Amino acid sequence: MSILQRGSMLLAAIMLSACTTMADRLQGSITPPPGYGYIIVSLTAKAFDQDSANVGLHILDSKGDMVANGRASMNTDTVFGEEGMSPVDGKLLLLALPPGHYQASDAWGNWIEELGWGSQWRSVTLPIHAGFDVTAGSSTYLGEVFLDLSMRPELRLSNQQKRDFGHMRRVWKVNNLSDIQIKPLQKDSALPAASAASH
């Protein structure tokens, strides 16, 4: 068996164990812990050097304090979607929050950019400022946060319900998704430009 084959088998086993963990945790039902509500959001990205890219999402409460953050590696995380769909690099996040009003404040990404003389780490923070509400005992699907980490990084919000619900059924092993509220994030139209930095 070649090193490449062994590596592929190991990666498949790691991905399967990660998926099994979420399925085991949920036990076939997306029911938040007592006194909490769930938010579900997919975090995906595209970069020139895809394997080096990492992205994250910050959630603020009504006081402006950061209460949750999600992270995805384009090298190891995958959203599989429905049977027959092409998987995408990223992660379907499941976050538990107390009831209240929240804001997806921004998303960040970092990746390696190849230059004529070598390579360097790049990072960018892109504002979202999209509010949402959490109700105890309920689960809300907020859609997809996608970062395009190319020459001019940008962030896009969209409803990827078919793909993400397919992932919940196939990977999380949750068949009844009828109680999930569908409320994709709506980005504020009057936002400042992205702030980018090189390291």
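Caption draft 1: Examining the overall build of the chain more closely. Broken down by element type, the chain carries 2 helices and 11 strands. Counted from the first residue to the last, the chain has its helices and strands arranged as α-β-β-β-β-β-β-β-β-β-α-β-β. The 199 residues of the chain split such that 43% are buried. Sequence-distant contacts in the chain: of pairs separated by 6 or more residues, those separated by 24 or more amount to 70%. When the accessible surface of the chain is split by element, carbon and sulfur atoms take 53% of a total near 10600 Å².

Caption draft 2: Up close: the pattern of salt bridges. If you walk through the whole model with that rule in mind, you get 6 salt bridges. A salt bridge links Lys 91 to Asp 77; its shortest N-O distance comes to 3.9 Å. Highlighted residues: Lys 91 in strand 5 (residues 88-97) and Asp 77 in the loop between strand 3 (66-73) and strand 4 (78-79), separated in sequence by 14 residues. By relative accessible area, Asp 77 is classed as buried at 16%. Its salt-bridge partner being Asp 164, residue Arg 163 comes within 2.9 Å of it at the nearest N-O pair. Since its relative accessible area comes to 9%, Arg 163 is described here as buried.

Caption draft 3: Fine view of the environment of Gly 35. Summarising the element assignment, Gly 35 is placed in the loop between helix 1 (3-26) and strand 1 (37-47). For the pair Gly 35 and Pro 99, spaced 64 residues apart in the sequence, the C-alpha separation amounts to 7.5 Å.

Caption draft 4: Main features of the side chain of Thr 140. Mapped onto the elements, Thr 140 comes out in strand 8 (residues 139-149). With sequence-adjacent residues up to four places away left out, Thr 140 is seen in contact with Tyr 38, Ile 39, Ile 40, Asp 133, Ile 180, Gln 181 and Lys 183.

Caption draft 5: Summary view of the nonpolar core. Counting 31 residues, the largest nonpolar core has Ile 59, Phe 132, Val 145, Leu 147 and Leu 149 as the members making the most contacts within it. Within the residue set of this core, elements represented by two or more residues are strand 1, strand 2 (54-61), strand 3, strand 5, strand 6 (100-115), strand 7 (118-134) and strand 8. Looking at this core, the element that brings in the most residues is strand 7, giving 6 residues. Counting 15 residues, the second largest nonpolar core, distinct from the first, contains Ile 30, Tyr 38, Tyr 141 and Met 168.

Caption draft 6: Layout of the side chain of Ser 139. Note on placement: Ser 139 falls in strand 8. Not counting the four nearest positions on each side in its chain, Ser 139 is found in contact with Ile 30, Pro 32, Tyr 38, Ile 40, Asp 179, Ile 180 and Gln 181.

Rules and cut-offs
Just so you know, the residues in each chain are numbered from 1, in the order the chain's sequence is written. pLDDT decides what is reported in this predicted model: residues at 70 or higher carry local features, side-chain atom pairs at 80 or more are listed and counted, and totals for whole chains, interfaces and linings draw on all residues regardless. To obtain the side-chain values, all non-hydrogen atoms of the structure were used and water was disregarded. The secondary structure listing takes helices from DSSP runs of H or I that are at least 4 residues long and strands from runs of E that are at least 2 residues long, numbered from the N terminus. The buried label goes to any residue with under 20% of its type's maximum accessible area, the exposed label to any with over 50%, and the partly exposed label to all in between, with areas taken from a 1.4 Å probe on protein chains only. Only heavy atoms matter for contacts: two residues are in contact if any of them lie within 4.5 Å across the pair. Only the protein chains shown count as cover for residues, and the accessible areas themselves come from Shrake-Rupley with a 1.4 Å probe. Salt-bridge detection follows one rule: a side-chain nitrogen of Lys or Arg within 4 Å of a carboxyl oxygen of Asp or Glu. By convention a nonpolar core is built from buried Ala, Val, Leu, Ile, Met, Phe, Trp, Tyr and Cys residues, the set being connected through side-chain atoms within 4.5 Å.

Functional significance is not addressed by these values, which are geometric in nature.
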